[in-house]
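Spelled out, the chains give:
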Amino acid sequence: MDRFMAPSNTAISPALPSDACGLERLPHVLNKLCQLWGRPECDAYISGLIMDSRDGKRQGLPWEAAMELMFLAELSVARRALIASAATGVPFPQMLQRLREASAR
């Protein structure tokens, strides 16, 4: 997952290794995630990938990719909670709970 945390100006090769799995099998998605990571648009992008917004016409994601996206969605919330906790002085667990509740609405 080190490539995920690469700077947004780092290109990921479109050639897939034979053992590629999860998001590595979707280089266009992985590239977009790298560009958006840490920005507010990233959460919306991940949510749009996970949720069917095509009236049931979406093919779906490979299981491993869907699980990695769910992990990244939670990691993004935790990252925002950590930053907000440091800025406000609200303890991290409380801030994390607040953000989880806000995203569930």
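Up top is the structure.
Rules and cut-offs
- Residues numbered from 1 in each chain as written.
- Predicted model: local features only at pLDDT ≥ 70, side-chain atom pairs only at ≥ 80, totals over all residues.
- Heavy atoms only, no water.
- Core = buried A, V, L, I, M, F, W, Y, C linked by side-chain atoms within 4.5 Å.
- Buried < 20%, exposed > 50% of the residue type's maximum accessible area, 1.4 Å probe, protein only.
- Helix = DSSP H or I, 4+ residues; strand = E, 2+ residues; numbered from the N terminus.
- Contact = heavy atoms within 4.5 Å.
- Salt bridge = Lys/Arg side-chain N within 4 Å of Asp/Glu carboxyl O.
- Patch = residues over 30% accessible without salt bridge, like charges linked within 9 Å, V, L, I, M, F, W, Y side chains within 5 Å.
- Areas by Shrake-Rupley, 256 points an atom, 1.4 Å probe, with all protein chains shown as cover.
- Expected span 1.5 Å × (residues − 1).

**Student:** Quick rundown of the nonpolar core? Include the residues and the values.
**Tutor:** Within the largest apolar cluster, 13 residues are counted, with the highest numbers of intra-cluster contacts made by Leu23, Val29, Leu33, Cys42, Ile46, Leu69 and Leu72. For this core, the secondary structure elements donating two or more residues are helix H1 (27-36), helix H2 (40-50) and helix H3 (63-88). Counting residues per element, this core draws most heavily on H1, at four residues. Excluding its chain neighbours within four sequence positions, the residues that come into contact with cysteine 42 are Leu33, Leu36 and Trp37. Ranked by size, the runner-up nonpolar core spans six residues in total, among them Val77, Val90, Met95 and Leu99.

**Student:** So what's going on with the pattern of salt bridges? Which residues, and what values?
**Tutor:** Inspection of the entire model under this criterion finds three salt bridges. Here arginine 39 makes a salt bridge to glutamate 41, at a shortest N to O gap of 3.4 Å. Relative accessible area serves as the criterion here: at 43%, arginine 39 is assigned to the partly exposed category. Its relative accessible area of 39% is what places glutamate 41 among the partly exposed residues. We note a salt bridge from arginine 100 to glutamate 74, for which the minimum N-O separation is 2.5 Å. With arginine 100 in helix H4 (residues 92-104) and glutamate 74 in helix H3, this pair connects stretches of sequence that are 26 residues apart. Look at arginine 100 and you get partly exposed, because its relative accessible area is 37%.

**Student:** Go over a nonpolar patch on the surface, please, and point to the residues and values.
**Tutor:** A surface patch of nonpolar side chains, amounting to about 280 Å² of accessible area, comprises Ile50, Met51 and Met70. As for its placement among the helices and strands, isoleucine 50 is situated in helix H2. The exposure class assigned to isoleucine 50 is partly exposed, which follows from its relative accessible area of 32%.

**Student:** Describe H3, naming the residues involved and giving the relevant values.
**Tutor:** For H3, with 26 residues, the first-to-last C-alpha span of 37 Å sits near the 38 Å given by 1.5 Å per residue. Taken residue by residue, H3 has Ala65, Leu69, Leu72, Ser76, Val77, Ala81 and Ser85 as its buried positions. Downstream of H3 by one or two residues, glycine 89 has phi in the positive range, about 85°.

Coordinates in, geometry out; function isn't part of it.
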